[in-house]
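Coordinate inspection notes
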Amino acid sequence: NVFIPIAEKRGHMVELGLFILEESIRTASEWRNKGYDFGTISINISPKELTKGDYVETVLGLCEKYDLPKSLLKLEITEGVYLESMRHGLATVKQLAEAGFNISVDDFGAGYSNLAFLSKAKIDTLKIDKSLIDAIHDETGRIVVNTIVDLGQNLNYKVLAEGVETEEQVHILSEMGCHLIQGYYFSKPRSRDEMEAVFQNDYQF
């Protein structure tokens, strides 16, 4: 909440995003070569990166450079950015999906959710915003989250709950049929070395 706005204000987001993109792809490639089963690796994309005309070629080039299958990469775009891209005819998201990348809509439900875009969206995963998960203990909040889970399932999207911190939240989400759960309940962010230890079964969260 502090670092990113400063980076955006000072015009560093594109450079920073490129660094994160390459480091993530390089790391994923190394893990794959070591035989680690990590599913997919997710990378957030900033609005400024999407407006760069060569972004699709950049991602494809890095995957080729590090010999990483596109199916192991998931590109995360916030709901608001996705809606803006559709509203202004920005073809980058569509091109990324058609190129074979998994696309995830981040922070779903936190802004002005436009359900109509879901019927046209080229996405793989809906990520339910933490603010909705925090309210899941209340009846109304639970109904809202359950509706999103049902919607995602009916549209054949994976549904991921963000910011899960308690056993009760895990239990409720599991009963709803939420596909994936992410948050401090399982672990706080870990370094690359710590994650490698997890893959090697030598490290306990």
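Summary of the structure given here. (Residues numbered from 1 in each chain as written. Predicted model: local features only at pLDDT ≥ 70, side-chain atom pairs only at ≥ 80, totals over all residues. Heavy atoms only, no water.)

1. What to know about unusual backbone geometry
Although it is not a glycine, Asp67 sits at a positive phi angle of roughly 55 degrees. In the Ramachandran plot, Asn156 falls in the positive-phi region, its phi being about 65 degrees despite a non-glycine side chain. Its location among the elements puts Asn156 in the loop between α8 (139–154) and β5 (158–161). (Helix = DSSP H or I, 4+ residues; strand = E, 2+ residues; numbered from the N terminus.)

2. Things to note about the side chain of Asp124
Assignment of secondary structure puts Asp124 in the loop between β3 (102–108) and β4 (125–128). Polar contacts involving the side chain of Asp124 include one to the side chain of Lys74, which spans 3.1 Å. Asp124 has contacts with Lys74, Asn102, Ile103, Tyr157 and Lys158, leaving out every residue within four places of it along the chain. (Polar contact = N/O pair within 3.5 Å; in protein donor to acceptor, adjacent residues only side chain to side chain. Contact = heavy atoms within 4.5 Å.)

3. Examining the environment of Val145
Residue position: Val145 is located in helix α8. Spatially, the C-alpha atom of Val145 lies 6.7 Å from that of Leu132, the residues being 13 residues apart in sequence. Apart from the residues lying within four places of it in its own chain, the contact partners of Val145 are Ile128, Leu132, Ile133, Ile136, Leu173 and Met176.

4. Considerations on the packing of helix α2 (residues 13–33) against helix α10 (residues 192–199)
With their axes 12 Å apart at the nearest point, α2 and α10 run at an angle of 25 degrees to one another. Considering their axes alone, α2 and α10 lie roughly parallel with respect to each other. Seen from above, α2 lies across α10 with right-handed handedness. On α10, the residues touching Glu23, Arg26, Thr27 and Trp31 of α2 are Arg192, Met195, Glu196 and Phe199. When grouped by side-chain class, the residues that make up the contact of α2 with α10 number 3 nonpolar, 1 polar and 4 charged. (Axes fitted to C-alpha atoms, helices over the stretch in contact; angles between N-to-C directions. Parallel < 35°, antiparallel > 145°, perpendicular 65-115°, else oblique. Left-handed = near helix turned anticlockwise from the far one by under 90°. Nonpolar A, V, L, I, M, F, W, Y, C, P; charged D, E, K, R; others polar.)

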